[in-house]
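# Close look at the chain arrangement
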Amino acid sequence: MEFSIKSGAPEKRRSGCLVLGVFESRTPSPVAWQADPKTRHFLADVLASGDMDGKAGTTLMLRSVPALGSERLLLVGLGKEKEFRDKAYGAAVRAAVKALRDSGAADATLLLTRIPVKKRSAAWRIRQAAVAACEALYRFDRFK
């Protein structure tokens, strides 16, 4: 597994999958709204249709999103916005990684690290995302 940190506009990312967060009551995270104008409001339509409600731990994989540089778009439920803290952040990253593992995407751009977590820095969010990803993908097979 390889991690890299890159900055730039989310809609310009070229990867196998772009991962965005959605809070409960179908409220996209701020970074998700940044990507939406380029996708011709596709995200707003998906949320309005009720396909993704934003409950913690839920995921929705979308393909062929208009004007998106990635092959797939993964929406991850973040739970209630006012209750989004350390534990909810870790759970969201783990849910995203598990969905990515089963998707067949060769690589992914995880934009959950840009969602503010109370009393935590960007460095903490990035480090925790890497740790949660490693934990979610770990498989003990030494005695196989």
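Computed from a prediction, not measured in an experiment: that's the story for all the values here.

### What about the packing of aromatic side chains?
For the coordinates displayed, the defined rule picks out 4 aromatic pairs. With a centroid separation of 5.5 Å and an interplanar angle of 85 degrees, the aromatic rings of Phe23 and Phe84 are classed as edge-to-face. With a gap of 61 residues between them, Phe23 in strand S1 (residues 17–23) and Phe84 in the loop between strand S4 (72–79) and helix H3 (86–103) connect regions that are remote in the sequence. Here the two residues Phe23 and Phe84 agree in accessibility, since each one is buried. With a centroid separation of 5.9 Å and an interplanar angle of 40 degrees, the aromatic rings of Tyr89 and Trp124 are classed as tilted. Residue Tyr89 is located in helix H3, and its partner Trp124 is located in helix H4 (residues 122–137); the two are separated by 35 residues in the primary sequence. Each member of the pair Tyr89 and Trp124 is classed as buried. The structure contains a cluster of three or more aromatic residues connected by ring pairs, namely Phe23, Phe84, Tyr89 and Trp124.

### Brief notes about the pattern of salt bridges
Tallied over the entire structure, the rule returns 4 salt bridges. In this structure, Arg72 and Glu71 form a salt bridge, with 3.5 Å as the shortest nitrogen-oxygen distance. For Arg72, a relative accessible area of 9% corresponds to the buried category. A salt bridge links Arg120 to Asp86; the shortest N-O distance between them is 2.6 Å.

### What about the layout of surface pockets?
Approximately 1,100 Å³ is the volume found for the largest pocket. In this structure, the largest pocket is lined by 30 residues; those nearest its centre are Phe3, Ser4, Ala108, Thr109 and Leu110. Looking at the lining of the largest pocket, the elements that each hand over two or more residues are H3, strand S5 (109–110) and H4. Element by element, the count of residues in the lining of the largest pocket is highest for H4, at 7 residues.

### Some thoughts on the nonpolar core
By size, the foremost hydrophobic cluster in this structure holds 24 residues, and its most contacted members are Val19, Leu74 and Leu112. Elements with a minimum of two residues in this core: S1, S4, H3 and H4. Setting aside residues up to four positions removed in sequence, Leu112 forms contacts with Val19, Leu20, Gly21, Leu78, Tyr89, Ala92, Val93 and Ala96. Listed in part, the 16 residues of the second largest apolar core include Ala35, Val46, Met52 and Leu62.

### Concerning the side chain of Thr113
Assignment of secondary structure puts Thr113 in the loop between S5 and H4. Overall, Thr113 belongs to the buried group, its relative accessible area being 16%.

### Description of unusual backbone geometry
Phi angles above zero are rare outside glycine, and Arg26 is one such case at about 60 degrees. Structurally, the position occupied by Arg26 is in the loop between S1 and strand S2 (27–28). Despite not being glycine, Ser64 shows a phi value in the positive range, around 55 degrees. You can see Ser64 is positioned in the loop between strand S3 (59–63) and S4. Given the relative accessible area of 67%, Ser64 is considered exposed.

The rules behind each value
- The numbering scheme is per chain: residues are counted from 1 as the chain's sequence reads.
- It should be noted that, the model being predicted, local features are given only for residues of pLDDT at least 70 and side-chain atom pairs only at 80 or more, the latter also being counted only at that level, while totals for whole chains, interfaces and linings use all residues.
- Values reported for side chains reflect all heavy atoms of the structure, with hydrogen atoms and water molecules removed beforehand.
- In summary, the pairing rule links any two rings of Phe, Tyr or Trp, Trp by its six-membered ring, whose centres are within 6.5 Å, and it sorts them by plane angle into stacked for under 30 degrees, edge-to-face for over 60 and tilted for everything else.
- Under the scheme used here, helices are H or I runs from DSSP no shorter than 4 residues and strands are E runs no shorter than 2 residues, and both carry numbers assigned from the N terminus.
- Exposure classes here rest on a 1.4 Å probe applied to the protein chains alone. A residue is buried below 20% of its type maximum, exposed above 50%, and partly exposed in between.
- Take a side-chain nitrogen of Lys or Arg and a carboxyl oxygen of Asp or Glu: if they are within 4 Å of each other, that pair is a salt bridge.
- The rule is simple: put a 1 Å grid over the protein atoms alone, call a set of points where a 1.4 Å probe fits but cannot get out a cavity, call an open set with protein on both sides within 12 Å along at least five of seven lines a pocket, and count a residue as lining if it has an atom within 4 Å of a point.
- Grid points are joined across faces, edges and corners, and a volume is the space filled by probe spheres set on the points.
- The set of buried Ala, Val, Leu, Ile, Met, Phe, Trp, Tyr and Cys residues whose side-chain atoms join them within 4.5 Å is what this entry labels a nonpolar core.
- Note on definitions: a residue-residue contact is assigned when non-hydrogen atoms from the two residues lie within 4.5 Å.

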